Amino acid sequence: MSEAEYDLVVVANRLPVDISISDEGELSWTRSPGGLVTALAPVMQGAAGAWVGWSGAPDLAPDPFDVDDVHLVPVALSESDIELYYEGFANDTLWPLYHDVIEKPTYHRLWWDAYRQVNRRFAEAAAAQAAPGAIVWVHDYQLQLVPALLRELRPDLRIGFFNHIPFPALEIFAQLPWRSQVVHGLLGADLIGFQRTSDAANFVRSVRRFTDLTTRGEVITMTEEDGGRRHVRAAAFPISIDSGHFDDLARSPAVAKRALEIREEVGSPDVLLLGVDRLDYTKGIRHRIKAFGELLQDGRLTVPKVTLIQVASPSRENVGAYQQLREDVELLVGRINGEYGHLGCQPIRYLHHSYPPEEMAALYLAADVMLVTALRDGMNLVAKEYVAARSDERGVLVLSEFTGAADELAGSVFVNPHDIDGMKDRIVSAVEMDYREQRKRMRRLRRRVLADDVEKWSQSFLAVLGAVPQNPVHR
Ligand code: G6P
(Lines give C-alpha, C1' and ligand atoms only; values in the text may rest on other atoms or scores of the structure.)
Protein backbone atom coordinates (compact mmCIF):
# COMPACT_ATOMS: atom_id res chain seq x y z
CA MET A 1 0.00 0.00 0.00
CA SER A 2 1.28 3.51 -0.72
CA GLU A 3 1.33 6.25 1.88
CA ALA A 4 -1.78 8.15 2.99
CA GLU A 5 -4.00 5.11 2.60
CA TYR A 6 -4.50 3.86 6.09
CA ASP A 7 -7.99 4.07 7.61
CA LEU A 8 -6.77 3.58 11.18
CA VAL A 9 -3.48 5.04 12.33
CA VAL A 10 -2.15 4.45 15.85
CA VAL A 11 0.45 6.88 17.14
CA ALA A 12 2.40 5.85 20.25
CA ASN A 13 5.85 6.64 21.58
CA ARG A 14 6.93 3.05 20.98
CA LEU A 15 6.28 0.73 18.06
CA PRO A 16 4.74 -2.62 19.04
CA VAL A 17 8.04 -4.34 18.15
CA ASP A 18 11.65 -4.00 19.28
CA ILE A 19 13.86 -3.47 16.25
CA SER A 20 17.54 -4.24 15.93
CA ILE A 21 20.00 -4.15 13.05
CA SER A 22 22.90 -6.62 12.82
CA ASP A 23 26.47 -5.63 11.94
CA GLU A 24 25.69 -6.80 8.38
CA GLY A 25 22.80 -4.31 8.26
CA GLU A 26 20.05 -6.96 8.53
CA LEU A 27 16.89 -5.71 10.20
CA SER A 28 15.17 -7.96 12.70
CA TRP A 29 12.35 -7.38 15.16
CA THR A 30 10.60 -9.10 18.03
CA ARG A 31 7.09 -8.39 19.18
CA SER A 32 6.96 -6.40 22.43
CA PRO A 33 4.80 -7.93 25.12
CA GLY A 34 2.82 -4.71 25.84
CA GLY A 35 -0.93 -4.74 26.32
CA LEU A 36 -1.59 -2.07 23.72
CA VAL A 37 -0.39 -4.37 20.97
CA THR A 38 -2.84 -7.12 21.91
CA ALA A 39 -5.59 -4.55 22.33
CA LEU A 40 -5.16 -3.12 18.90
CA ALA A 41 -3.96 -6.07 16.82
CA PRO A 42 -7.48 -7.35 15.98
CA VAL A 43 -8.88 -3.94 15.02
CA MET A 44 -5.73 -3.00 13.12
CA GLN A 45 -5.76 -6.19 11.09
CA GLY A 46 -9.45 -5.77 10.29
CA ALA A 47 -8.95 -2.21 9.02
CA ALA A 48 -6.05 -1.03 6.89
CA GLY A 49 -3.94 -0.16 9.92
CA ALA A 50 -0.66 1.70 10.39
CA TRP A 51 1.31 2.24 13.62
CA VAL A 52 3.63 5.24 13.99
CA GLY A 53 6.24 4.99 16.78
CA TRP A 54 9.86 4.95 17.90
CA SER A 55 12.03 1.86 17.37
CA GLY A 56 13.46 2.02 20.91
CA ALA A 57 17.07 2.70 19.79
CA PRO A 58 18.83 5.99 18.95
CA ASP A 59 18.77 7.09 15.30
CA LEU A 60 17.21 3.84 14.20
CA ALA A 61 14.36 4.50 11.79
CA PRO A 62 14.32 1.96 8.97
CA ASP A 63 11.80 2.30 6.12
CA PRO A 64 8.23 1.36 7.04
CA PHE A 65 7.56 -2.39 6.98
CA ASP A 66 4.55 -4.66 7.50
CA VAL A 67 4.06 -7.13 10.35
CA ASP A 68 0.86 -9.24 10.47
CA ASP A 69 -0.98 -6.84 8.15
CA VAL A 70 -0.04 -3.79 10.22
CA HIS A 71 2.12 -1.13 8.56
CA LEU A 72 4.86 -0.08 11.01
CA VAL A 73 6.26 3.41 10.55
CA PRO A 74 9.41 4.11 12.59
CA VAL A 75 10.04 7.68 13.80
CA ALA A 76 13.69 8.60 14.42
CA LEU A 77 14.83 9.81 17.84
CA SER A 78 18.44 10.97 18.15
CA GLU A 79 20.53 10.53 21.32
CA SER A 80 19.68 14.09 22.19
CA ASP A 81 15.92 13.58 21.58
CA ILE A 82 16.03 10.57 23.89
CA GLU A 83 17.76 12.61 26.58
CA LEU A 84 15.61 15.74 26.33
CA TYR A 85 12.21 14.52 25.11
CA TYR A 86 11.97 10.93 26.44
CA GLU A 87 14.10 10.79 29.60
CA GLY A 88 13.68 14.52 30.25
CA PHE A 89 10.27 16.02 29.54
CA ALA A 90 8.25 12.79 29.30
CA ASN A 91 9.79 10.90 32.20
CA ASP A 92 11.30 13.53 34.49
CA THR A 93 8.69 16.30 34.07
CA LEU A 94 5.32 14.83 33.06
CA TRP A 95 5.59 11.38 34.67
CA PRO A 96 6.24 12.61 38.25
CA LEU A 97 3.84 15.56 37.83
CA TYR A 98 0.98 13.35 36.62
CA HIS A 99 1.64 10.85 39.43
CA ASP A 100 0.90 13.41 42.13
CA VAL A 101 4.51 14.65 42.47
CA ILE A 102 5.66 11.51 44.34
CA GLU A 103 9.06 12.62 43.01
CA LYS A 104 9.79 16.24 42.27
CA PRO A 105 9.21 17.10 38.59
CA THR A 106 12.00 18.97 36.82
CA TYR A 107 11.07 21.89 34.58
CA HIS A 108 13.57 22.68 31.81
CA ARG A 109 12.77 24.93 28.88
CA LEU A 110 15.18 22.97 26.68
CA TRP A 111 13.26 19.75 27.41
CA TRP A 112 9.99 21.44 26.50
CA ASP A 113 11.46 22.59 23.15
CA ALA A 114 12.51 19.02 22.39
CA TYR A 115 9.04 17.72 23.38
CA ARG A 116 7.41 20.15 20.94
CA GLN A 117 9.77 19.24 18.13
CA VAL A 118 9.40 15.49 18.60
CA ASN A 119 5.59 15.76 18.87
CA ARG A 120 5.60 17.62 15.54
CA ARG A 121 7.64 14.83 13.97
CA PHE A 122 5.11 12.22 15.13
CA ALA A 123 2.19 14.37 13.88
CA GLU A 124 3.82 14.75 10.45
CA ALA A 125 4.45 11.01 10.19
CA ALA A 126 0.82 10.25 11.09
CA ALA A 127 -0.48 12.87 8.64
CA ALA A 128 1.49 11.20 5.86
CA GLN A 129 -0.09 7.78 6.53
CA ALA A 130 -3.75 8.59 7.13
CA ALA A 131 -6.29 8.12 4.32
CA PRO A 132 -8.81 10.96 3.78
CA GLY A 133 -11.26 10.97 6.71
CA ALA A 134 -9.25 8.29 8.57
CA ILE A 135 -9.27 7.68 12.30
CA VAL A 136 -6.04 8.45 14.15
CA TRP A 137 -5.64 7.25 17.71
CA VAL A 138 -2.83 8.93 19.68
CA HIS A 139 -1.56 7.36 22.92
CA ASP A 140 -0.21 8.64 26.19
CA TYR A 141 1.57 11.52 27.90
CA GLN A 142 4.62 11.50 25.60
CA LEU A 143 2.46 12.79 22.71
CA GLN A 144 -0.04 15.28 24.13
CA LEU A 145 0.65 17.94 21.49
CA VAL A 146 0.07 15.58 18.56
CA PRO A 147 -3.75 15.96 18.39
CA ALA A 148 -3.68 19.74 17.75
CA LEU A 149 -0.63 19.57 15.45
CA LEU A 150 -2.29 16.83 13.46
CA ARG A 151 -5.59 18.68 13.18
CA GLU A 152 -3.74 21.67 11.72
CA LEU A 153 -2.13 19.45 9.09
CA ARG A 154 -5.21 17.30 8.43
CA PRO A 155 -8.58 18.80 9.45
CA ASP A 156 -10.36 15.92 7.70
CA LEU A 157 -9.27 13.34 10.28
CA ARG A 158 -11.11 12.07 13.32
CA ILE A 159 -8.62 12.17 16.15
CA GLY A 160 -8.72 10.27 19.42
CA PHE A 161 -6.31 10.47 22.36
CA PHE A 162 -5.98 8.06 25.27
CA ASN A 163 -4.05 8.93 28.42
CA HIS A 164 -2.76 5.71 30.00
CA ILE A 165 -1.57 7.38 33.20
CA PRO A 166 -3.48 9.52 35.73
CA PHE A 167 -4.43 13.10 34.90
CA PRO A 168 -3.61 15.12 38.03
CA ALA A 169 -5.78 17.49 40.04
CA LEU A 170 -5.86 21.09 38.84
CA GLU A 171 -3.70 22.35 41.72
CA ILE A 172 -0.90 19.94 40.71
CA PHE A 173 -1.24 20.33 36.93
CA ALA A 174 -1.06 24.10 37.51
CA GLN A 175 2.68 23.76 38.27
CA LEU A 176 3.48 22.97 34.65
CA PRO A 177 4.90 26.11 33.00
CA TRP A 178 3.39 24.94 29.67
CA ARG A 179 0.01 23.88 31.07
CA SER A 180 -2.14 25.82 28.60
CA GLN A 181 -0.11 24.60 25.60
CA VAL A 182 -0.63 21.01 26.77
CA VAL A 183 -4.37 21.53 27.26
CA HIS A 184 -4.66 23.06 23.79
CA GLY A 185 -2.58 20.21 22.34
CA LEU A 186 -5.00 17.63 23.70
CA LEU A 187 -8.06 19.59 22.61
CA GLY A 188 -7.06 18.94 19.00
CA ALA A 189 -8.70 15.54 19.55
CA ASP A 190 -12.41 14.78 19.13
CA LEU A 191 -12.36 12.26 21.95
CA ILE A 192 -9.98 12.23 24.92
CA GLY A 193 -10.03 9.00 26.92
CA PHE A 194 -8.88 8.57 30.51
CA GLN A 195 -8.63 5.59 32.85
CA ARG A 196 -10.99 6.89 35.55
CA THR A 197 -13.87 9.36 35.64
CA SER A 198 -11.85 11.39 38.16
CA ASP A 199 -9.03 11.79 35.58
CA ALA A 200 -11.51 13.06 32.98
CA ALA A 201 -13.01 15.45 35.56
CA ASN A 202 -9.53 16.74 36.48
CA PHE A 203 -8.85 17.46 32.82
CA VAL A 204 -12.14 19.33 32.34
CA ARG A 205 -11.35 21.47 35.39
CA SER A 206 -7.98 22.36 33.86
CA VAL A 207 -9.71 23.28 30.60
CA ARG A 208 -12.02 25.64 32.49
CA ARG A 209 -9.12 27.17 34.38
CA PHE A 210 -6.59 27.56 31.58
CA THR A 211 -8.77 28.34 28.54
CA ASP A 212 -11.82 30.52 27.80
CA LEU A 213 -13.76 27.57 26.45
CA THR A 214 -17.20 26.51 27.59
CA THR A 215 -17.65 23.07 29.11
CA ARG A 216 -20.79 21.15 29.91
CA GLY A 217 -20.34 17.87 31.73
CA GLU A 218 -17.76 15.96 29.75
CA VAL A 219 -18.16 18.04 26.58
CA ILE A 220 -15.96 21.01 25.70
CA THR A 221 -17.02 23.35 22.90
CA MET A 222 -14.31 24.77 20.65
CA THR A 223 -14.75 27.68 18.28
CA GLU A 224 -12.73 27.13 15.12
CA GLU A 225 -10.98 29.85 13.10
CA ASP A 226 -13.78 29.84 10.51
CA GLY A 227 -16.31 30.46 13.30
CA GLY A 228 -17.59 26.86 13.22
CA ARG A 229 -18.02 24.85 16.40
CA ARG A 230 -16.48 21.57 17.36
CA HIS A 231 -17.17 19.42 20.39
CA VAL A 232 -14.51 17.54 22.30
CA ARG A 233 -15.50 14.81 24.69
CA ALA A 234 -13.39 13.83 27.73
CA ALA A 235 -14.53 10.53 29.24
CA ALA A 236 -13.37 7.42 31.07
CA PHE A 237 -12.51 4.22 29.19
CA PRO A 238 -10.77 1.95 31.73
CA ILE A 239 -8.26 -0.24 29.94
CA SER A 240 -7.99 -4.00 30.46
CA ILE A 241 -5.94 -7.01 29.36
CA ASP A 242 -6.50 -9.91 26.98
CA SER A 243 -8.17 -11.78 29.84
CA GLY A 244 -9.27 -14.83 27.84
CA HIS A 245 -5.77 -15.38 26.52
CA PHE A 246 -4.24 -15.03 29.97
CA ASP A 247 -6.82 -17.39 31.44
CA ASP A 248 -6.01 -20.01 28.76
CA LEU A 249 -2.29 -19.56 29.23
CA ALA A 250 -2.51 -20.08 32.98
CA ARG A 251 -4.65 -23.22 32.47
CA SER A 252 -2.01 -24.85 30.26
CA PRO A 253 -0.31 -27.91 31.81
CA ALA A 254 3.16 -26.44 31.15
CA VAL A 255 2.34 -23.31 33.15
CA ALA A 256 0.75 -25.30 36.00
CA LYS A 257 3.88 -27.50 36.15
CA ARG A 258 6.13 -24.47 36.17
CA ALA A 259 4.09 -22.92 39.02
CA LEU A 260 4.77 -25.99 41.17
CA GLU A 261 8.46 -25.85 40.27
CA ILE A 262 8.63 -22.18 41.30
CA ARG A 263 7.25 -22.99 44.75
CA GLU A 264 9.82 -25.74 45.14
CA GLU A 265 12.65 -23.53 43.90
CA VAL A 266 11.93 -21.01 46.64
CA GLY A 267 11.86 -23.67 49.34
CA SER A 268 8.16 -24.71 49.35
CA PRO A 269 6.91 -22.02 51.73
CA ASP A 270 3.43 -22.29 53.27
CA VAL A 271 2.59 -18.89 51.86
CA LEU A 272 4.13 -17.28 48.80
CA LEU A 273 3.71 -13.53 48.35
CA LEU A 274 4.41 -11.86 45.00
CA GLY A 275 5.11 -8.35 43.71
CA VAL A 276 5.51 -7.64 39.98
CA ASP A 277 6.32 -4.14 38.82
CA ARG A 278 8.42 -2.05 36.52
CA LEU A 279 11.09 -0.69 38.86
CA ASP A 280 9.28 2.65 39.20
CA TYR A 281 8.82 4.93 42.23
CA THR A 282 5.07 5.10 41.56
CA LYS A 283 4.68 1.39 42.37
CA GLY A 284 5.20 1.62 46.14
CA ILE A 285 7.89 -1.09 46.17
CA ARG A 286 9.79 0.59 49.02
CA HIS A 287 6.63 0.84 51.14
CA ARG A 288 5.71 -2.80 50.45
CA ILE A 289 9.15 -4.14 51.35
CA LYS A 290 9.29 -1.99 54.46
CA ALA A 291 5.94 -3.41 55.61
CA PHE A 292 7.10 -6.97 54.87
CA GLY A 293 10.37 -6.40 56.77
CA GLU A 294 8.49 -5.07 59.80
CA LEU A 295 6.17 -8.08 59.79
CA LEU A 296 9.26 -10.31 59.99
CA GLN A 297 10.69 -8.14 62.73
CA ASP A 298 7.43 -8.30 64.71
CA GLY A 299 7.33 -12.08 64.24
CA ARG A 300 3.86 -11.89 62.66
CA LEU A 301 5.36 -13.54 59.56
CA THR A 302 8.28 -15.92 59.76
CA VAL A 303 10.74 -17.59 57.42
CA PRO A 304 10.80 -20.19 55.95
CA LYS A 305 7.01 -20.33 56.22
CA VAL A 306 6.59 -17.15 54.20
CA THR A 307 8.54 -15.94 51.15
CA LEU A 308 8.18 -12.84 49.00
CA ILE A 309 9.15 -12.91 45.33
CA GLN A 310 9.65 -9.38 44.01
CA VAL A 311 10.03 -9.03 40.25
CA ALA A 312 11.24 -5.50 39.45
CA SER A 313 11.76 -5.15 35.72
CA PRO A 314 14.40 -2.64 34.60
CA SER A 315 12.98 0.69 33.44
CA ARG A 316 14.20 4.18 32.40
CA GLU A 317 17.63 3.48 33.81
CA ASN A 318 19.16 6.80 32.75
CA VAL A 319 16.74 8.87 34.83
CA GLY A 320 18.14 9.85 38.26
CA ALA A 321 15.03 9.05 40.33
CA TYR A 322 15.00 5.50 38.90
CA GLN A 323 18.68 5.01 39.75
CA GLN A 324 18.03 6.20 43.29
CA LEU A 325 15.03 3.90 43.63
CA ARG A 326 17.09 0.90 42.56
CA GLU A 327 19.73 1.73 45.17
CA ASP A 328 17.08 2.11 47.89
CA VAL A 329 15.20 -1.09 47.04
CA GLU A 330 18.36 -3.18 46.75
CA LEU A 331 19.70 -1.85 50.05
CA LEU A 332 16.42 -2.65 51.79
CA VAL A 333 16.19 -6.15 50.27
CA GLY A 334 19.81 -6.85 51.24
CA ARG A 335 19.21 -5.72 54.82
CA ILE A 336 16.08 -7.82 55.27
CA ASN A 337 17.65 -10.91 53.70
CA GLY A 338 20.76 -10.43 55.84
CA GLU A 339 18.73 -10.00 58.99
CA TYR A 340 16.07 -12.70 58.60
CA GLY A 341 17.57 -15.17 56.12
CA HIS A 342 19.42 -18.40 56.80
CA LEU A 343 21.69 -20.46 54.59
CA GLY A 344 19.45 -21.77 51.82
CA CYS A 345 16.50 -19.59 52.76
CA GLN A 346 15.91 -15.94 51.97
CA PRO A 347 12.74 -14.04 52.89
CA ILE A 348 12.85 -11.98 49.66
CA ARG A 349 13.73 -13.29 46.20
CA TYR A 350 14.47 -10.12 44.29
CA LEU A 351 14.63 -10.36 40.47
CA HIS A 352 15.72 -7.38 38.40
CA HIS A 353 14.54 -8.90 35.11
CA SER A 354 11.62 -9.02 32.69
CA TYR A 355 9.94 -12.33 31.91
CA PRO A 356 7.80 -13.68 29.05
CA PRO A 357 4.03 -14.07 29.64
CA GLU A 358 4.32 -17.85 30.27
CA GLU A 359 6.67 -17.32 33.21
CA MET A 360 4.50 -14.47 34.52
CA ALA A 361 1.41 -16.69 34.40
CA ALA A 362 3.28 -19.39 36.34
CA LEU A 363 4.38 -16.87 38.98
CA TYR A 364 0.79 -15.64 39.40
CA LEU A 365 -0.46 -19.19 39.72
CA ALA A 366 2.20 -19.99 42.30
CA ALA A 367 1.44 -16.94 44.48
CA ASP A 368 -1.01 -17.10 47.39
CA VAL A 369 -1.00 -13.34 47.86
CA MET A 370 -0.39 -10.73 45.16
CA LEU A 371 0.81 -7.35 46.43
CA VAL A 372 -0.08 -4.32 44.28
CA THR A 373 0.76 -1.34 46.48
CA ALA A 374 1.23 1.52 44.00
CA LEU A 375 1.25 5.08 45.37
CA ARG A 376 -0.39 6.16 42.11
CA ASP A 377 -1.17 4.17 38.98
CA GLY A 378 -3.33 4.96 35.95
CA MET A 379 -4.77 1.42 35.93
CA ASN A 380 -2.31 -1.38 36.93
CA LEU A 381 -2.64 -4.32 34.61
CA VAL A 382 -0.66 -6.68 36.85
CA ALA A 383 -3.66 -6.76 39.20
CA LYS A 384 -5.91 -7.82 36.31
CA GLU A 385 -3.39 -10.39 35.04
CA TYR A 386 -3.24 -12.04 38.47
CA VAL A 387 -7.02 -12.39 38.54
CA ALA A 388 -7.19 -13.71 34.96
CA ALA A 389 -4.57 -16.34 35.81
CA ARG A 390 -6.52 -17.72 38.81
CA SER A 391 -9.08 -20.05 37.27
CA ASP A 392 -8.54 -22.20 40.40
CA GLU A 393 -10.35 -19.39 42.28
CA ARG A 394 -7.61 -19.22 44.86
CA GLY A 395 -5.25 -16.45 45.85
CA VAL A 396 -5.76 -13.00 47.36
CA LEU A 397 -5.23 -9.67 45.63
CA VAL A 398 -3.97 -6.91 47.93
CA LEU A 399 -4.65 -3.74 45.96
CA SER A 400 -3.78 -0.08 46.53
CA GLU A 401 -6.66 2.39 46.61
CA PHE A 402 -4.54 4.65 44.42
CA THR A 403 -4.75 2.53 41.28
CA GLY A 404 -7.32 2.86 38.51
CA ALA A 405 -7.98 -0.86 38.99
CA ALA A 406 -9.35 -0.13 42.49
CA ASP A 407 -12.42 1.47 40.87
CA GLU A 408 -13.27 -1.86 39.28
CA LEU A 409 -11.83 -4.66 41.39
CA ALA A 410 -14.19 -5.00 44.35
CA GLY A 411 -13.22 -8.27 46.00
CA SER A 412 -9.62 -7.14 46.56
CA VAL A 413 -8.15 -6.43 49.98
CA PHE A 414 -7.68 -2.68 49.68
CA VAL A 415 -4.70 -0.85 51.19
CA ASN A 416 -3.40 2.66 51.60
CA PRO A 417 0.32 2.07 51.01
CA HIS A 418 1.25 5.23 52.94
CA ASP A 419 -0.25 3.68 56.06
CA ILE A 420 2.41 1.08 56.86
CA ASP A 421 0.61 -0.28 59.95
CA GLY A 422 -2.67 -0.58 58.05
CA MET A 423 -0.90 -2.29 55.16
CA LYS A 424 0.78 -4.76 57.56
CA ASP A 425 -2.62 -5.72 59.01
CA ARG A 426 -4.12 -6.19 55.54
CA ILE A 427 -1.17 -8.34 54.42
CA VAL A 428 -1.58 -10.56 57.47
CA SER A 429 -5.32 -10.87 56.85
CA ALA A 430 -4.59 -11.86 53.24
CA VAL A 431 -2.03 -14.44 54.36
CA GLU A 432 -4.52 -15.91 56.83
CA MET A 433 -7.62 -15.80 54.63
CA ASP A 434 -9.44 -19.13 54.42
CA TYR A 435 -10.18 -20.75 51.05
CA ARG A 436 -13.92 -20.12 51.17
CA GLU A 437 -13.40 -16.42 51.53
CA GLN A 438 -10.66 -16.47 48.84
CA ARG A 439 -13.00 -18.23 46.43
CA LYS A 440 -15.86 -15.83 47.09
CA ARG A 441 -13.65 -12.83 46.39
CA MET A 442 -11.80 -14.34 43.44
CA ARG A 443 -15.07 -15.28 41.70
CA ARG A 444 -16.26 -11.71 41.97
CA LEU A 445 -12.94 -10.42 40.63
CA ARG A 446 -12.89 -12.87 37.75
CA ARG A 447 -16.40 -12.04 36.61
CA ARG A 448 -15.28 -8.45 36.19
CA VAL A 449 -11.88 -9.05 34.59
CA LEU A 450 -13.09 -11.71 32.16
CA ALA A 451 -16.08 -9.62 31.05
CA ASP A 452 -14.20 -6.39 30.37
CA ASP A 453 -11.27 -7.33 28.21
CA VAL A 454 -9.00 -5.11 26.18
CA GLU A 455 -10.70 -5.77 22.87
CA LYS A 456 -13.93 -4.47 24.34
CA TRP A 457 -11.99 -1.43 25.57
CA SER A 458 -10.57 -0.55 22.14
CA GLN A 459 -13.88 -1.23 20.42
CA SER A 460 -15.82 0.99 22.79
CA PHE A 461 -13.33 3.86 22.33
CA LEU A 462 -13.29 3.49 18.56
CA ALA A 463 -17.09 3.24 18.40
CA VAL A 464 -17.47 6.63 20.10
CA LEU A 465 -14.71 8.16 17.98
CA GLY A 466 -16.14 6.65 14.79
CA ALA A 467 -19.52 8.25 15.54
CA VAL A 468 -18.01 11.77 15.44
CA PRO A 469 -19.33 13.47 12.29
CA GLN A 470 -16.68 13.51 9.60
CA ASN A 471 -15.38 16.92 8.48
CA PRO A 472 -15.59 17.65 4.75
CA VAL A 473 -12.36 16.33 3.24
CA HIS A 474 -10.15 19.29 2.41
CA ARG A 475 -6.39 19.01 2.44
C1 G6P B 1 3.68 3.10 31.17
C2 G6P B 1 3.30 4.14 30.16
C3 G6P B 1 3.63 3.69 28.73
C4 G6P B 1 5.06 3.22 28.66
C5 G6P B 1 5.33 2.13 29.69
C6 G6P B 1 6.79 1.65 29.69
O7 G6P B 1 2.83 2.01 31.11
O8 G6P B 1 1.93 4.47 30.27
O9 G6P B 1 3.42 4.74 27.82
O10 G6P B 1 5.37 2.76 27.37
O11 G6P B 1 5.02 2.64 30.98
O12 G6P B 1 7.68 2.72 29.83
P13 G6P B 1 8.77 3.09 28.72
O14 G6P B 1 9.30 4.42 29.16
O15 G6P B 1 9.79 1.99 28.78
O16 G6P B 1 8.09 3.14 27.37
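Our subject is the structure that appears above.
Quick notes on the rules
Residues numbered from 1 in each chain as written. Predicted model: local features only at pLDDT ≥ 70, side-chain atom pairs only at ≥ 80, totals over all residues. Near = placed C-beta within 6 Å. Nonpolar A, V, L, I, M, F, W, Y, C, P; charged D, E, K, R; others polar. Pairing = 2+ DSSP bridges. Helix = DSSP H or I, 4+ residues; strand = E, 2+ residues; numbered from the N terminus. Axes fitted to C-alpha atoms, helices over the stretch in contact; angles between N-to-C directions. Contact = placed C-beta atoms within 7 Å. Core = buried A, V, L, I, M, F, W, Y, C linked by C-beta atoms within 7 Å. Buried ≥ 20, exposed ≤ 12 C-beta atoms within 10 Å, placed from the backbone. Domains from an automatic or database assignment. Right-handed = clockwise from strand over helix to strand, strands pointing away.

As for the site of the ligand
Here is step 1: If you check the shell around the ligand, you find Arg14, Asp140, His164, Ile165, Ser315 and Arg316 and nothing else.
Here is step 2: Split by residue class, the shell around the ligand holds 1 nonpolar, 2 polar and 3 charged.

Concerning the sheet that holds strand β15 (residues 348-351)
Here is step 1: Reading across from one edge, β15-β14-β13-β16-β17-β18 is the order of the 6 strands in this open sheet, with parallel pairing throughout. Each edge of the sheet is formed by a strand with only one pairing partner; in this case those strands are β15 and β18 (413-415). Going across the sheet, the axis of each strand differs from the next one's by a mean of 20 degrees, ignoring polarity.
Here is step 2: With 4 bridges joining them, strand β16 (residues 369-372) and strand β17 (residues 396-400) adopt parallel strand pairing. Residue pairing across strands places leucine 371 opposite valine 398, the latter belonging to β17.
Here is step 3: Across the face of the sheet, helix α12 (residues 357-366) comes into contact with β13 (271-278), β14 (306-313) and β16 while running at roughly 145 degrees to β13.

So, the nonpolar core
Here is step 1: In terms of nonpolar packing, the biggest core is built from 153 residues, with Val9, Val11, Ala126, Val136, Leu397 and Val398 touching the most fellow members.
Here is step 2: Residues from two domains meet in this core; each of domain 1 (6-239 + 456-466) and domain 2 (243-452) gives at least three.
Here is step 3: With residues near it in sequence (within four places) discarded, valine 136 still touches Val9, Val11, Ala126, Ala130, Leu150, Leu157 and Ile159.

Some details on the pairing of β16
Residues in a regular strand project their side chains so that they alternate between the two faces of the sheet.
Here is step 1: Side-chain alternation along β16 places Val369 and Leu371 on one buried face and Met370 and Val372 on a second face that is also buried.
Here is step 2: Pairing of β13 with β16, which is carried by 2 bridges, proceeds in the parallel orientation. In the sheet register, leucine 274 faces β16, and the bridge partner there is methionine 370.
Here is step 3: At this point the chain moves from β16, through helix α13 (residues 381-389), to the parallel β17, and the crossover so formed is right-handed.

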